[in-house]
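One letter stands for each residue in the lines below.
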Amino acid sequence: MSVTTEKSSATTAVRPFPVPVASEEELEALRARVAATRWPDRELVTDHSQGVQLAVITELARYWAAEYDWRRCEAKLSALPHFTTEIDGLDIHFIHVRSEHPNALPVIITHGWPGSIIELLAVIDPLTNPTAHGGTAADAFDVVIPSMPGYGYSGKPQQTGWGPDRIAGAWTELMKRLGYTRFVAQGGDWGAIITDVLAVQAPPELIGMHTNMAGVIPADVSTALARNVLGAGGPPPSGLSAEEQSTYDQLNFFYTKGIGYGIEMITQPQTLYGLADSPVALASWVLNHDASSYFDIADAVAGHPVGNLTRDEVLDNLTFYWLTNTGISSARLYWESPYDFFGVKGVTIPAAVSVFPKEIYKAPRSWAEQAYSNLIYFNEVDRGCHFAAWQEPELFSSELRAAFRSLR
């Protein structure tokens, strides 16, 4: 693999970033904290309706304290080219891998919460080296994977204002700083919101976007869902097709039964001190995402991998959050954002949508066509959850190849 860096002034220089090596003392302290956890009583139900089940989290903690090896993940990270550059007063960390194939299409891929660059590592080789993964040389990408502000190795904002708009603008500056005059963007979860916002900003260098969590929910549907969250109730908007009604029902379940973590971070993220003090508090908070992903993660924790998702992968991400102490700094993005998470943003540039079956909601094609006026690709795949790139990296990569083929 080869990489490109550009150095100009001291403030805009792209600098190599050596992956920090955790000391044995740090890792021993982590294991000791996990082992010393004071556990509550078991939940009073047989399902996960009261939250992360005690049997799941205690098994994760047992493995974390006794068998998990962070050095394996550390070596995987260290084998990749990492850089930082200061943008708008903040150090932005990113992985940058150029394909050896000529005319590769540059793509910037944005992770989400409670993810990180960890969830995207397995797509790098399929995208940059497609001939080894069922693609052709014409499918190659140059891959840029930044850590969002407050996440991973990027700087933690010391002032308010780092919401999706500012991050999207920083991504354009990053790609220009790397010398790219045309590129595409991809994202899921918060990465989907930032990618939508970047597409709305429509810098001339950006020729298209892809999302695996499409922002397609019409305003009247969002209003009805919000009314249900507030307890006012009421029927869904009239005239929904059967597919649209199914999506409404999925979102209504998520908003009324599964969005509590989001409301806390939207309103008072600083209150979550346990994320910085207790590894198990961090783990339970991160695991308590959408129901479908939780079930897949619970299976992985029990030693039954789901696609690429294993308990080691789950703990790689958790340990990354712990060692960088980004539990609260990452949560502040919820507080910063003014956007309807799943709502229409107004994208008019070429857009592509992949629908994974275990996503929080299944985006109907009818709504996708309304939300993305220049929809160039729409496909429903047969497996994968909210963490699509993490769980199904080969399928995810093939979707990106297909989605952007017409733009090359």
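Everything numeric here is computed off the predicted structure, so don't read it as measured data. (Residues numbered from 1 in each chain as written. Predicted model: local features only at pLDDT ≥ 70, side-chain atom pairs only at ≥ 80, totals over all residues. Heavy atoms only, no water.)

## Concerning the overall build of the protein chain
From N to C terminus, the protein chain includes 17 helices and nine strands. For 408 residues, the compact-globule estimate of 2.2 N^0.38 gives 22 Å, and the protein chain sits close to it at 21 Å. Taking the principal axes of the C-alpha coordinates as reference, the protein chain spans close to 60 × 60 × 45 Å. A burial count over the protein chain gives 56% of its 408 residues as buried. The long-range share in the protein chain, meaning contacts at least 24 apart out of those at least 6 apart in sequence, stands at 78%. Summed over all atoms, the accessible surface of the protein chain reaches about 16100 Å², with 52% contributed by carbon and sulfur. Between the averaged position of the 28 positive side-chain charges in the protein chain and that of its 46 negative side-chain charges there is a distance of 2 Å. (Helix = DSSP H or I, 4+ residues; strand = E, 2+ residues; numbered from the N terminus. Rg over C-alpha atoms; globule rule 2.2 N^0.38 Å. Buried < 20%, exposed > 50% of the residue type's maximum accessible area, 1.4 Å probe, protein only. Contact = heavy atoms within 4.5 Å. Areas by Shrake-Rupley, 256 points an atom, 1.4 Å probe, with all protein chains shown as cover. Lys, Arg positive; Asp, Glu negative; His and termini not counted. Charge placed at Lys NZ, Arg CZ, Asp CG, Glu CD.)

## Details of the packing of helix α5 (residues 164-177) against helix α6 (residues 190-201)
In contact at an axis separation of 8 Å, α5 and α6 are set at 70 degrees when each is read in the N-to-C sense. Classified by the angle between their axes, α5 and α6 sit roughly perpendicular to one another. The two elements α5 and α6 meet at a crossing, and its hand is right-handed. Residues Pro164, Asp165, Ile167, Ala168, Gly169, Trp171 and Thr172 of α5 touch α6, and the partners they reach there are Trp190, Ile193, Ile194, Val197, Leu198 and Gln201. Along the lines of polarity and charge, the residues of the contact of α5 with α6 split into nine nonpolar, three polar and one charged. (Axes fitted to C-alpha atoms, helices over the stretch in contact; angles between N-to-C directions. Parallel < 35°, antiparallel > 145°, perpendicular 65-115°, else oblique. Left-handed = near helix turned anticlockwise from the far one by under 90°. Nonpolar A, V, L, I, M, F, W, Y, C, P; charged D, E, K, R; others polar.)

## Here's the deal with the nonpolar core
Residues Val216, Leu318 and Phe342 are the most contacted members of the largest nonpolar core, which totals 131 residues. Filtering out sequence-adjacent residues up to four positions away, leucine 318 remains in contact with Leu60, Trp64, Leu282, Ala283, Val286 and Leu287. (Core = buried A, V, L, I, M, F, W, Y, C linked by side-chain atoms within 4.5 Å.)

## Quick look at the environment of proline 149
Along the chain, proline 149 turns up in the loop between β5 (141-146) and α5. Accessibility expressed as a relative area gives 8% for proline 149, which makes it buried. Taking the C-alpha atoms as reference points, proline 149 and leucine 90, separated by 59 residues in sequence, lie 7.9 Å from one another. If near-sequence neighbours (up to four positions away) are discounted, proline 149 is found in contact with Leu90, Ile92, Ser154, Gly155, Pro157, Trp162, Ile167 and Trp171.

## Some thoughts on the packing of aromatic side chains
In total, this model carries 17 aromatic pairs according to the counting rule given. When the centroid spacing of 5.0 Å and the interplanar angle of 90 degrees are considered together, the rings of tyrosine 153 and phenylalanine 320 count as edge-to-face. Placement of tyrosine 153 in the loop between β5 and α5 and of phenylalanine 320 in helix α13 (residues 311-324) is noted, with a sequence separation of 167 residues between them. Tyrosine 153 gets classed as buried once you look at its relative accessible area, which sits at 14%. Here the aromatic rings of tyrosine 334 and phenylalanine 341 are separated by 6.3 Å at their centres, their planes lie at 10 degrees, and the arrangement is stacked. Here tyrosine 334 and phenylalanine 341 have matching classes, each one buried. Positioned above the aromatic ring of phenylalanine 141, the side-chain terminus of arginine 408 is 4.4 Å from the ring centre. (Phe/Tyr/Trp six-rings, centres within 6.5 Å; stacked < 30°, edge-to-face > 60°. Lys NZ or Arg CZ within 6 Å of the ring centre and 35° of its normal.)

## Structural notes on the state of the cysteines
Across all of its chains, the model carries zero disulfides by this definition. Left without a disulfide partner, cysteine 73 is nearest to the cysteine sulfur of cysteine 385, which lies 18 Å away. Exposure remark for cysteine 73: the relative accessible area of 0% places this residue in the buried category. Cysteine 385 sits in the buried class, given a relative accessible area of 1%. (Disulfide = S-S within 2.5 Å.)

## Some thoughts on the sheet that holds strand β7 (residues 206-211)
The strand order β1-β2-β3-β5-β4-β6-β7-β8-β9 describes an open sheet built from nine strands, whose pairing is mixed. The sheet is open, and its two edges are formed by β1 (14-16) and β9 (375-380), each paired on a single side. Within the sheet, the average angular offset between the axes of one strand and its neighbour, ignoring direction, is 25 degrees. Across six bridges, strand β2 (residues 82-87) lies against strand β3 (residues 90-97) in antiparallel orientation. Across the sheet, isoleucine 87 pairs through a bridge with leucine 90, a residue of β3. (Pairing = 2+ DSSP bridges.)

## Points about the pairing of strand β8 (residues 351-355)
Buried residues dominate β8, accounting for five of its five residues. Residue alternation in β8 divides its side chains into two sets, Ala351, Val353 and Val355 and Ala352 and Ser354, and both sets are buried. Relative to β8, β7 runs parallel, the two being bridged by three bridges. In the sheet register, threonine 211 faces β8, and the bridge partner there is valine 353. The pairing of β8 with β9 spans five bridges and is classified as parallel.

## Digging into α13
Taking 1.5 Å as the rise per residue, α13 with 14 residues should run 20 Å; its terminal C-alpha atoms sit 20 Å apart, in good agreement. Of all 14 residues making up α13, 11 are buried, and the element is well covered by its neighbours. The complete set of buried residues in α13 reads Glu313, Val314, Leu315, Asp316, Asn317, Leu318, Thr319, Phe320, Tyr321, Trp322 and Thr324. Asparagine 325 occupies a position one or two residues after α13 and carries a positive phi of about 50 degrees. (Expected span 1.5 Å × (residues − 1).)

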